[in-house]
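Close look at the chain arrangement
What follows is each chain in one-letter form.
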Amino acid sequence: MFHPMQGSVGIKLVEASNVRINNAEVSNLLNIGDFSNWVCRHKWQAQPSSEEIRAYTADINSGQTAMVRGFKLVRTDRVQFTNVHVHSLVSEEGSVVGFDIVGDTNDRTDHSDDVGVSFKDVSVQTLSAPNEAEAVKSTGTPIDASLGINVGVPDEIQANLRNPRVILNYQNVNAGPFTTYTNQTSLDLLMKVTSIDTEEKVRAFRGEIMGFFSVHYGLRFEANANNKYSLLESIPVLDKNGYDTDSVISGLFAVQNDVMKYHGSSLCLSDARGESSKCTSAGVYPLHDFGFLFIPGASGYILHGAFGKDQGQLITQGSLIATGIYSFEGFNLPGTMLDGSNLEIKYYGECPLDYRPVKTATLGGLYISCAVESDIFGKGISTGGFLHRFNDDFSQQVVSGYPTMIFDDYVHNPKPITARTNYQDYLIPSIQHNHIRISYVADGTFKSLLSAIEALPFIKAQHYTNEAVLEYFKFRTSLQTEEKILAFRKKFLTRLRNDFHIDIINPDAYDEIPLDGVIDLGGGSHITGYVVNEDANQRVLTLQNEPSGPTTVFPSASFLHEGGFRLVVGRAGLNTVDGRSPFGTTIQEGIYVMENGDSTMTSDVEMAFHSLALVDLNSWSTSVIYNHVEHPEYGEGRVVAAQPMPLVDNDGIHLKISGSLVFGNF
């Protein structure tokens, strides 16, 4: 088939004339197709030529595959509908049209005397779609002005703000650092807790991962390397021209979960409209993590493929790329395929891991930015931030991380995993947890190509500045007067001087500068008000309580509004608590307004926040956010989020930010 899919169509007429349709009914059409298939949004490279390819067979934003049409008329004339009824048309991800009338866009003939399409005693009722629902849509074909149609009120929601089909929260709280082991035990355990239950399957899985490394990062290997080396041996990596390097693919690793205490904490399933949902209770669902690492040597390695392209990007020693498989134990959700069997999810590192994004004081940062794939849930993404700090006596490193997986795919024939194990039950009593965890995302699209994505942690389109902050404070927050806003700004200036050691700031010296103005610190560094652009679609998804307590999905389109003041370091750099901070480094203080953010999910709440760490980009244009936050009911908390480099294509800038607000035992 060499044309885009048309979706679900009740009756279709093409190039017809003088047609009468009497006493007809089109009803109960349902389309569960994806609005935009994941394949069409990815770029690939053909091997070994490295030619970049992409699926162009359909407009990825048209959503035709997900549409439902009662009637579709293409280049037709003199069509009369009498006593025709269209009802109960439902699209889970696209749009619905009762009568879609498409003219010939290439025809320049004068059709002013055409009869076109007429209606008599026609009804269109109960159209339901997340994008748009229309009784009649016409392009280029005349319609009888009398329009003898009885139209019901369509049911529409904003598709870009609905909740995803699957939200899986996982975490480790005040645990040990990322530690792995590679030995026969890791291989034996993998074969016990996943469907990869023979050495032949493990080798095939490693071959799949090597193929991903080749296509996405341009790694090269010896011929037949997958069969030449044992599963526990490292595989040498060759450069683009086939020469030896000091970089390797590790043997099979397993995360040492006695140390890291990695676990799933909740899982929620929603319908495709994001309206009804069911969740597991908050809990501890131990996680096995296996895979293979790309480990650059002391000489570094030039990444090519879809990631580095022809010009290449240097990855240095100390960074890693991880790809592997998760196996969660114990997820059980009655009425679904989650029956307590292990939940198996493959992950593919979409950018290198770098331990350096957050560098303030004794903090270190890490993040997850992966594509994920499940036989039950389909394809999705996993994103989230980790914070490394030291305990009170600085004797050991403590790690807390809060990634979230999101799946919005539809799997026609899901395949359950038959493995059911409880090898890590002994860890459950020692695993710590928060009192409250609220997960959020910002996955919007900005219709702009001027982004500064490789220079600034918060791209230009993400923040409105200057006078926007006054409107935000006065419209959404309790800071209703300029006196209160001025005091709030002065508190931020004081924090910059005292906590971040920016000694050039005198908090009392800027009272005459308008609140919507710019405080110029020299060298390009400046302080200004900002508000997050609502096109970022920054919104909360789930509220997770303590283990055995409920997990709840927020109503769709529950925005996490954000506004305040920010310092952005200029090109000359700026002396801070971390030494000379580079261009783009950002520090913030402001107020979140969380829609439906109280414990009953019925009222909005206002939460003050401020940066605990500098936010700056690493080599992969990724940053980690670490903020202090105060909730009126939950008390003091932390915000931990990861901001991977956005995807930029001809349609704009696509964010993929994921974070959590955690309260109690953070």
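Here the structure is a predicted model, which is why all the values come from computation and not from measurement.

Observations regarding the environment of leucine 493
- Tracing the sequence through the fold places leucine 493 in helix 7 (residues 482–498).
- Separated by 14 residues in sequence, leucine 493 and proline 507 have C-alpha atoms that sit 5.2 Å apart.
- Beyond its immediate chain neighbours, meaning those up to four positions away, leucine 493 contacts Ile505, Pro507, Tyr510, Ile519 and Ile527.

Concerning the state of the cysteines
- For the coordinates displayed, the defined rule picks out 1 disulfide.
- What pairs with cysteine 268 in a disulfide is cysteine 279, and their sulfur atoms sit 2.1 Å apart. Judged by the torsion about the S-S bond (110 degrees), the cysteine 268/cysteine 279 disulfide is right-handed. With cysteine 268 in strand 18 (residues 263–270) and cysteine 279 in strand 19 (residues 277–279), the pair connects residues that are 11 residues apart, well separated along the chain.
- Judged by its relative accessible area of 1%, cysteine 268 falls in the buried class.
- With no disulfide of its own, cysteine 351 lies closest to cysteine 370 among cysteine sulfurs, the gap being 8.1 Å.

Observations concerning the sheet that holds strand 7 (residues 96–102)
- Pairing is parallel in the open sheet, where 4 strands are placed in the order 1-5-7-10. Across the chains shown, the open sheet's two edge strands, defined by having one partner strand only, are strand 1 (8–14) and strand 10 (133–139). On average, each strand axis in the sheet is inclined to that of its neighbour by 5 degrees, with strand direction left out of account.
- Sheet topology note: the strand 5 (residues 68–74)/strand 7 ladder contains 6 bridges and is parallel. Bridging across to strand 7, valine 74 finds its partner in valine 102.

Some words on the pattern of salt bridges
- By the definition in use, this model includes 19 salt bridges.
- The partner of lysine 201 in a salt bridge is aspartate 197, with the nearest N and O atoms 3.0 Å apart.
- In this structure, the salt-bridge partner of glutamate 589 is arginine 495, at a minimum N-O distance of 2.9 Å. Of this pair, glutamate 589 sits in strand 39 (residues 586–594) while arginine 495 sits in helix 7, and the two are 94 residues apart along the sequence. Accessibility assignment for this pair places glutamate 589 and arginine 495 in one class, buried.
- Here the salt bridges share partners, and the residues they tie into one network are Lys491, Arg495, Asp499 and Glu589.

Looking at helix 6 (residues 468–476)
- Taken together, the buried positions of helix 6 are Val469, Leu470, Tyr472 and Phe473. For helix 6, the buried positions fall inside an angular range of 165 degrees around the axis, keeping them on one side. Facing away from the buried surface of helix 6 by more than 90 degrees, the exposed residues are Glu471 and Phe475.
- On its buried face, helix 6 sits against helix 7, strand 33 (525–532), strand 36 (560–568) and strand 39.

Points about the nonpolar core
- The biggest cluster of nonpolar side chains holds 79 residues, and the ones touching the most others in it are Phe213, Leu219, Phe294, Leu303, Phe328 and Leu343.
- Per-element tally for this core: the top contributor is helix 2 (residues 199–217), with 7 residues.
- When neighbours within four sequence positions are excluded, phenylalanine 213 is seen to be in contact with Gly218, Leu219, Phe221, Ile249, Phe292, Phe294, Ile321 and Thr323.
- Ranked by size, the runner-up nonpolar core spans 32 residues in total, among them Ala536, Leu543, Met607 and Leu655.

Things to note about the pairing of strand 29 (residues 436–442)
- Strand 29 sits mainly inside the fold: 7 of its 7 residues count as buried.
- Across the two faces of strand 29 the burial is the same, with Ile436, Ile438, Tyr440 and Ala442 and Arg437, Ser439 and Val441 all buried.
- Pairing geometry for strand 29 and strand 34 (residues 538–544), over 6 bridges, is antiparallel. Bridging from a neighbouring strand, arginine 437 pairs with glutamine 544 of strand 34.

Cut-offs and rules
- Residues numbered from 1 in each chain as written.
- Predicted model: local features only at pLDDT ≥ 70, side-chain atom pairs only at ≥ 80, totals over all residues.
- Heavy atoms only, no water.
- Helix = DSSP H or I, 4+ residues; strand = E, 2+ residues; numbered from the N terminus.
- Contact = heavy atoms within 4.5 Å.
- Disulfide = S-S within 2.5 Å.
- Buried < 20%, exposed > 50% of the residue type's maximum accessible area, 1.4 Å probe, protein only.
- Pairing = 2+ DSSP bridges.
- Axes fitted to C-alpha atoms, helices over the stretch in contact; angles between N-to-C directions.
- Salt bridge = Lys/Arg side-chain N within 4 Å of Asp/Glu carboxyl O.
- Arc of directions from axis to C-beta.
- Core = buried A, V, L, I, M, F, W, Y, C linked by side-chain atoms within 4.5 Å.

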